[in-house]
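# Chains, contacts and geometry: an overview
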Amino acid sequence: MVTTFKIAVLGAQGVGKSAIVRQFLYNEFSEVCVPTKARRVYLPAVVMNGHVHDLQILDFPPIASFPVNTLQEWADTCCRGLRSAHAYILVYDICCFDSFEYIKTLRQQILETRVIGTTDTPIIIVGNKRDLQKGRVIPRWNVSNLVKKTWKCGYIECSAKYNWHILLLFSELLKSVGCARCKHVHTAIRFQGALRRNRCTIM
Ligand SMILES: Nc1nc2c(ncn2[C@@H]2O[C@H](COP(=O)(O)OP(=O)(O)OP(=O)(O)O)[C@@H](O)[C@H]2O)c(=O)[nH]1
């Protein structure tokens, strides 16, 4: 049986959302900053412990706010598919305080506006640009403590530039989505590079 997991990647402008997704899917990184103008949809598949899982990764441009209802979601083409995601990756730049404030607000909006019964949708907080950690603005311990203990969310720091912890991020996410057969997902997901690349489409 093939299961599809819909993953929404959100964050302020320039924090590295697209870089994370592209590093995960294509093992590539670009220093060039190309702002995301419209929502991009990638449809890769991952093989985990011998089972194929379809992923729908949605790379969103920065959004003004999380849509409060389906009507608002559909009125804004950039937001489509946001409310029905199975998991959220909220990315901030460890060198930019405002980008952390942005995801803080977004997380609160997600919790307040998601439909009843879906409040257990996993949210993973990602501190990107770990390679620039000399410019870190909030101590790692403080963020990690807040995110894990108070928010009860996963916390991972990564560097899309150096492909550091990118695989870990997606494997942790899939585990938290509740993929029952994914106990050893970290090893198995390494095969993702050989996946159906032709099915990765940018819409
Ligand atoms: N040093 C460093 N630079 C990064 C990293 N990830 C992304 N960047 C750079 O940050 C800039 C923005 O990256 P994007 O992936 O376009 O960021 P984004 O969040 O998708 O941006 P928008 O779509 O405009 O919101 C680019 O110049 C990237 O090269 C990282 O891990 N380390």
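Because the structure is predicted, anything quoted here is derived from the model rather than measured.

About the thresholds
Residues numbered from 1 in each chain as written. Predicted model: local features only at pLDDT ≥ 70, side-chain atom pairs only at ≥ 80, totals over all residues. Heavy atoms only, no water. Helix = DSSP H or I, 4+ residues; strand = E, 2+ residues; numbered from the N terminus. Contact = heavy atoms within 4.5 Å. Core = buried A, V, L, I, M, F, W, Y, C linked by side-chain atoms within 4.5 Å. Buried < 20%, exposed > 50% of the residue type's maximum accessible area, 1.4 Å probe, protein only. Pairing = 2+ DSSP bridges. Disulfide = S-S within 2.5 Å.

Moving on to the environment of Ile103. Tracing the backbone through its elements, the reader meets Ile103 in helix 3 (residues 97-113). Setting aside anything within four residues of it in sequence, one finds Ile103 in contact with Gly11, Leu90, Val91, Tyr92 and Ile125.

Take the nonpolar core next. Taken as a class, soluble globular proteins show a tendency for nonpolar side chains to be buried jointly. By size, the foremost hydrophobic cluster in this structure holds 56 residues, and its most contacted members are Tyr88 and Ile125. Among all residues touching Ile125, those that are not within four sequence positions of it are Leu90, Tyr92, Ile103, Val147, Trp151, Cys153, Gly154, Tyr155 and Ile156.

Glancing now at the pairing of strand 6 (residues 123-128). Burial runs high along strand 6: six of the six residues are buried. Neither face of strand 6 is open: one carries Ile123, Ile125 and Gly127, the other Ile124, Val126 and Asn128, and all of them are buried. Sheet analysis places strand 5 (residues 87-93) next to strand 6, joined by six bridges and oriented parallel. The residue bridging Ile89 from the neighbouring strand is Ile124, located in strand 6.

Summed over the entire model, instances satisfying the criterion amount to zero disulfides. For Cys33, which is in no disulfide, the shortest distance to another cysteine sulfur is to Cys96 and amounts to 12 Å. Given a relative accessible area of 63%, Cys33 falls into the exposed group.

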